[in-house]
Protein chains: 2
Amino acid sequence: MSDTKMRMVNAFDTDRADDLPPAERVLVERRARLLGPAYRLFYQNPLHVLRGEGVWLYDQDGNAHLDVYNNVACIGHCHPRVVEAVSRQMAVLNTHTRYLNEKVLDYAEALLATFPAEIGHVMFTCTGSEANDLALRVARRATGNTGIIVTETAYHGVTSALAEASPSLGAGVKQGPLVRLVPPPATEGDRETVGRAFADGIARAIADFAAHDIRPAALLVDTIFSSDGVRANPAGFLREAMKTIHAAGGLFIADEVQPGFARTGEAMWGFMRHGVIPDMVTMGKPMGNGYPLAGMAARPAVLESFGRDQRYFNTFGGNPVAASAGMAVLDVIREEGLQENAARVGAVLRAGVAALASRYPVIAQIRGEGLFIGADIEHESKPSPAIAGRLVNGLRERRVLISASGPLGNVLKIRPPLPFSEDNAAYFLERMEEVLKTL
Amino acid sequence: MSDTKMRMVNAFDTDRADDLPPAERVLVERRARLLGPAYRLFYQNPLHVLRGEGVWLYDQDGNAHLDVYNNVACIGHCHPRVVEAVSRQMAVLNTHTRYLNEKVLDYAEALLATFPAEIGHVMFTCTGSEANDLALRVARRATGNTGIIVTETAYHGVTSALAEASPSLGAGVKQGPLVRLVPPPATEGDRETVGRAFADGIARAIADFAAHDIRPAALLVDTIFSSDGVRANPAGFLREAMKTIHAAGGLFIADEVQPGFARTGEAMWGFMRHGVIPDMVTMGKPMGNGYPLAGMAARPAVLESFGRDQRYFNTFGGNPVAASAGMAVLDVIREEGLQENAARVGAVLRAGVAALASRYPVIAQIRGEGLFIGADIEHESKPSPAIAGRLVNGLRERRVLISASGPLGNVLKIRPPLPFSEDNAAYFLERMEEVLKTL
């Protein structure tokens, strides 16, 4: 396995295809033949799924796998409200935003109502990559500047402009000359200390930009720092960072693809926990529960010059089917109390992982908020991606799906759909302990 | 109306919102308030649509408007086969390509079967912008070069990398330093002459690159040159262009978002008419008949280094719902004989427009193939965007939807859904003559 392949934590190694059962080997070979070499599968033993329902995915033999990883199916796989909303609207009208239609306006209104009043406009795209790429275009137009600051293991998307600002893609994808990396927020310390240290890194990046005659257009951060290994607390540490980028003439963009849509339990949006109001907010994966829907919300002043000189059109973005999917997701989050559930079950799950940590010292620090938990895996007090991999693959053999992340790949990423129950948490923790016993 | 606004042909002028009926004025104001200033509407009198079926869109009063413009709903608005395929699959499974699933492989196989055997792999995205952006990333990785060549009024997408290679977005969006523009193929002359002249422009761009120590990564062209004013013939003129870019070490990317999926009647893909086999082919709008589905197909050798060093993942791209939508579109094109229909009705439509041209000299040259027609509008032998605008808006008042394009905005863009019938063509031509009489 090459070094660059290694950079994707938890990827199936195609060199080991011969070890698979015949049916899966055929599928793996067909994928390579049809889709080419850029696609990756999860797990040493890739999962063949045929059906999803709630927090469960079912394989070709009908076995149920507990999904403790998927933030796209945020209100549960194949939620009937989304299926019904999309099916109904698709049969009636599915066209673009250059005709007048109320569906996109009703949805925009409902979505903006979940934001502070300062965030006044929302624009629709199909993917989080498109939303982040649009935010960069707007930031560069609004500020007249070009530099982009992201964290050391950031992931923000796959367009040309974002791939070069997504170091988590590995050494095969180079950072662009207008990109600077900063250390992520520390995992220890109080709000002031963590906030100050994070802002100091940003100030150093700004100084380095200045030395190259570059001025910063934006600081772009995932407000729960998923690919940096999950850094949610102490809430409030983003305030100093926002002040620092603003003082240098740049904008603050909150990438809410991961923490957004109530996942943290504490708030609908990750930035809210930090007591900041970003200039732009980007949204993606969970927004349509699997329907390709994403967006970018902004303070109106930020959009003025871009809107005047650079119109934006996204063929499928904001069509009435996408709007219906998005509205169903907002309705279900509210009606099923999923934010409250994320807070309550998230606390149970964290306490359960902490209890395991007290008995199994490979689990070191546990971080996160609501239904997004990161747990450092260590061996003899050193990060151990190898043991993290054994845990992830051991759970997969016991039909529980998680993954790993972080700069070293040793952080378990525990991030189930929002309707995850206490029973689901107990089931996960039992399987987890089974695997821990085998180490 | 500002100059930069002017650059979008056929955009509603928001300064004229007071002239609208009260209900539409409210919607226009709500749009501006919620979606901000970057969105544009079609027509002096924007259309409020509530329902679509086949080639018809229905407004708030139940009036039927003949859609002679939409290439997204390529097999007809709300085609029941796509509605059914998406509804059924959404209720069963909608997850990503990092698990094994046969739907995406079955679709990839069916799609690749429509290409020459040399095009061996296909990768899935959600939008044509993502497909073109991915093609640029792959071209730059495969060649080690950076320069991109496009035509003078090209449109290829809205990501940062594509907007700077899409001069049709207007003067408010600048071309990037790694982009060169070339004149589009001429509208007169035989295949050799047109091909040679187009290739000469490319050779000049390559020479200019060389003078700046830039080497070309790719020539990226819409193989029917829609935004350049529709240039379909003489078929074959792309051969010399491909040779020229290859000789300089760059790749040839065919953007099939417009001509693809049988629109030209002659072939499934626009490049096929020219007797070339591109290095990469990008697809978008019609691919899922409105479901956000797009993709990039490539010669395997081109993907080798990218796939090894730069994995690609698109969260919603190639999920089983998208694959089901795409498969339904391919099935319907074949079963309903839509390629043959595009050839047959396209010929009738072109002959009808030619007959009008013989009586109304404002219609000058008529170009295109199948169900994609461009017609130059002139006044006293000079291009007249003003009269083109009056025709487009006059047709809209008679409930027939077309638009205009081209570097000067004087080319009528006639591009109906593929099931367009001879009766539909007759209806269009009658309304067109009514408007011509008013000029």
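Residues numbered from 1 in each chain as written. Chains lettered and ligands numbered in written order. Predicted model: local features only at pLDDT ≥ 70, side-chain atom pairs only at ≥ 80, totals over all residues. Heavy atoms only, no water.

## A few points about the overall build of chain A
- Counting secondary structure elements, chain A contains 13 helices and 16 strands.
- Compactness check: chain A gives a C-alpha radius of gyration of 21 Å against a globular reference of 22 Å for 439 residues, within 12% of the reference.
- Along the first, second and third principal axes, the C-alpha atoms of chain A reach 60 × 55 × 45 Å.
- When burial is assessed residue by residue, chain A has 66% of its 439 residues classed as buried.
- For chain A, the exposed area adds up to about 14300 Å²; of that, 51% sits on carbon and sulfur atoms. (Helix = DSSP H or I, 4+ residues; strand = E, 2+ residues; numbered from the N terminus. Rg over C-alpha atoms; globule rule 2.2 N^0.38 Å. Buried < 20%, exposed > 50% of the residue type's maximum accessible area, 1.4 Å probe, protein only. Areas by Shrake-Rupley, 256 points an atom, 1.4 Å probe, with all protein chains shown as cover.)

## Quick look at the relation of the copies chain A and chain B
- Screw-axis analysis of chain A against chain B gives a translation of 0.0 Å along the axis, an RMSD of 0.0 Å, and a rotation angle of 180 degrees. Put plainly, the chains are arranged around a two-fold axis. Rotation axis and chain A: the residue whose C-alpha lies nearest the axis is A:Ser87, separated from it by 2.6 Å. (Least-squares fit on C-alpha atoms with pLDDT ≥ 70 in both.)

## Regarding the packing of aromatic side chains
- Applying the stated criterion to the full structure yields 21 aromatic pairs over all chains.
- Judged by centre distance (5.8 Å) and plane angle (55 degrees), the ring pair of A:Phe42 and A:Tyr43 falls under tilted.
- By relative accessible area, A:Phe42 is classed as buried at 5%.
- Between B:Phe115 and B:Phe271 the ring centres are 6.2 Å apart and the planes differ by 10 degrees, which places this aromatic pair in the stacked class. Note that B:Phe115 is positioned in the loop between α4 (102-112) and β4 (121-125) and B:Phe271 in helix α9 (residues 270-273), a separation of 156 residues in sequence. Each member of the pair, B:Phe115 together with B:Phe271, is buried. (Phe/Tyr/Trp six-rings, centres within 6.5 Å; stacked < 30°, edge-to-face > 60°.)

## Let's talk about the packing of helix α13 (residues 385-397) of chain B against helix α14 (residues 422-438) of chain B
All names here are of chain B.
- It is at 9 Å that the axes of α13 and α14 come closest, and there the two elements cross at 125 degrees. Judged by the inter-axis angle, α13 sits oblique to α14. You can see that α13 and α14 cross each other, and the crossing is right-handed. In this structure, α13 contributes Arg390, Leu391, Gly394 and Leu395 to the contact, and α14 contributes Phe428, Arg431, Met432, Val435, Leu436 and Thr438.
- Of the residues in the contact of α13 with α14, the class split is 6 nonpolar, 2 polar and 2 charged. (Axes fitted to C-alpha atoms, helices over the stretch in contact; angles between N-to-C directions. Parallel < 35°, antiparallel > 145°, perpendicular 65-115°, else oblique. Left-handed = near helix turned anticlockwise from the far one by under 90°. Contact = heavy atoms within 4.5 Å. Nonpolar A, V, L, I, M, F, W, Y, C, P; charged D, E, K, R; others polar.)

## As for the nonpolar core
- Core analysis: the largest hydrophobic core is formed by 280 residues, its most contacted members being A:Leu111, A:Phe124, A:Phe428, B:Leu111, B:Phe124 and B:Phe428.
- Leaving out residues up to four positions away in the same chain, A:Leu111 has contacts with A:Val122, A:Phe124, A:Phe261, A:Trp269, A:Met283, A:Met287 and A:Leu330.
- Judged by nonpolar contacts, the second largest core, of 6 residues, contains A:Val72, A:Cys126, B:Val72 and B:Phe316. (Core = buried A, V, L, I, M, F, W, Y, C linked by side-chain atoms within 4.5 Å.)

## Observations regarding helix α3 (residues 80-90) of chain B
- Of the residues making up α3(B), those classed as buried are B:Val82, B:Val83, B:Ala85, B:Val86, B:Ser87, B:Gln89 and B:Met90.
- For α3(B), the elements touching its buried residues are α3 (80-90) of chain A together with α4 and α11 (320-335) of chain B.

## Comments concerning the domain arrangement of chain A
Residue and element names in this part refer to chain A.
- We note that the domain assignment places domain 1 (80-335) and domain 2 (337-438) within chain A.
- One C-alpha centre belongs to domain 1, the other to domain 2, and the line joining them spans 26 Å.
- Each partner contributes residues to the interface: domain 1 has 26 residues there, and domain 2 has 22 residues.
- Interface area for domain 1 against domain 2, summed over the two sides, is near 1800 Å², with a carbon-plus-sulfur share of 53%.
- Run the count over domain 1 and domain 2 and you get 1 salt bridge.
- Between Arg273 and Glu369 there is a salt bridge, and its shortest N-O distance comes to 3.4 Å.
- In this structure, the connection of domain 1 to domain 2 is made through 17 residue pairs in polar contact (both at pLDDT 80 or more).
- When its residues are assigned to classes, the side of domain 1 that touches domain 2 shows 9 nonpolar, 9 polar and 8 charged. (Domains from an automatic or database assignment. Buried area = accessible area lost by both parts, 1.4 Å probe. Salt bridge = Lys/Arg side-chain N within 4 Å of Asp/Glu carboxyl O. Polar contact = N/O pair within 3.5 Å; in protein donor to acceptor, adjacent residues only side chain to side chain.)

## What to know about the interface of chain A and chain B
- Taken residue by residue, the interface counts 96 residues in chain A and 96 residues in chain B.
- For the chain A and chain B pair, buried surface summed over both sides reaches about 8900 Å², with 60% attributable to carbon and sulfur atoms.
- Counting the surface chain A buries against chain B, the share from its top three residues, A:Tyr99, A:Leu100 and A:Arg311, is 11%.
- The tally of links between chain A and chain B comes to 6 salt bridges.

## Details of the confidence of the model for chain A
Residues and elements named next belong to chain A.
- On average, chain A scores 96 in pLDDT, and the residues at 70 or more come to 98%.
- Note on residues 1-6: pLDDT under 50 across the span, and 9 contacts to partners over four residues away in sequence or across chains.
- Interface confidence for the predicted complex, expressed as ipTM, amounts to 0.97; the pTM equals 0.97. (pLDDT = per-residue confidence, 0-100.)

## Quick look at the pattern of salt bridges
- Per the stated rule, a full pass over the model turns up 56 salt bridges over all chains.
- Note that A:Arg367 is salt-bridged to A:Asp376, the shortest N-O span being 2.8 Å.
- Of the charged contacts, one joins B:Glu266 and B:Arg273 as a salt bridge, the two residues approaching to 2.7 Å between their closest N and O atoms.
- Where salt bridges share partners, they join A:Arg30, A:Arg33, B:Asp106 and B:Glu109 into one cluster.

## Notes on unusual backbone geometry
- A cis amide bond links A:Asn233 with the next residue in sequence, A:Pro234, at an omega value of 0 degrees.
- Tracing the sequence through the fold places A:Pro234 in the loop between β7 (216-222) and α8 (238-247).
- At B:Cys78, a position not held by glycine, the phi torsion is positive, near 55 degrees.
- Note on placement: B:Cys78 falls in the loop between β3 (64-67) and α3.

## Thoughts on the sheet that holds strand β10 (residues 294-298) of chain B
All names here are of chain B.
- Pairing in this open sheet of 7 strands is mixed, and the strands run β4-β10-β9-β8-β7-β5-β6 from one edge to the other. Each end of this open sheet is capped by a strand with a single partner; those strands are β4 and β6 (179-182). Adjacent strand axes in the sheet meet at a mean angle of 20 degrees when their direction is disregarded.
- Pairing between strand β9 (residues 280-283) and β10: 4 bridges, direction antiparallel. (Pairing = 2+ DSSP bridges.)

## A few points about the pairing of β3(B)
Residue and element names in this part refer to chain B.
- Of the strand pairs in this sheet, strand β2 (residues 56-59) and β3 are connected by 3 bridges, and their pairing is antiparallel. Pairing of Trp56 across the sheet is with Leu66, part of β3.
- Hairpin geometry of β2 and β3 is characterised by an intervening segment of 4 residues between the two adjacent antiparallel strands and by a positive phi of about 85 degrees at Gly62.

## Things to note about the sheet that holds strand β2 (residues 56-59) of chain A
- Pairing in this open sheet of 4 strands is mixed, and the strands run β1-β2-β3-β14 (chain A) from one edge to the other. The sheet is open, and its two edges are formed by β1 (49-53) and β14 (400-401) of chain A, each paired on a single side.

## Comments concerning the environment of A:Gln89
Residue and element names in this part refer to chain A.
- Along the chain, the position of Gln89 falls in helix α3.
- What makes Gln89 buried here is its relative accessible area of 8%.
- For Gln89, the residues in contact, after removing those within four places along its chain, are Lys103, Pro320, Val321 and Ser324.

## Here we look at the side chain of A:Asn94
- On the secondary structure map, A:Asn94 appears in the loop between α3 and α4 (102-112).
- Side-chain polar atoms of A:Asn94 contact the side chain of A:Asn319, separated by 3.0 Å.
- Excluding its chain neighbours within four sequence positions, the residues that come into contact with A:Asn94 are A:Asn319, A:Pro320, A:Val321, B:Cys78, B:Asn289, B:Gly290 and B:Tyr291.

## Details of the environment of A:Asn101
- Examined against the element boundaries, A:Asn101 turns out to sit in the loop between α3 and α4.
- By relative accessible area, which is 10% here, A:Asn101 ends up buried.
- Along the backbone, A:Asn101 and A:Pro320 are 219 residues apart, and their C-alpha atoms lie at a distance of 7.5 Å.
- Those residues within four positions of A:Asn101 in sequence are excluded, and the remaining contacts are A:Leu93, A:Pro320, B:His48, B:Val49 and B:Leu50.
- From its side chain, A:Asn101 meets the backbone nitrogen of A:Lys103 in a polar contact 2.9 Å long.
- Within the structure, the side chain of A:Asn101 is placed 2.9 Å from the backbone oxygen of B:Val49, a separation counted as a polar contact.

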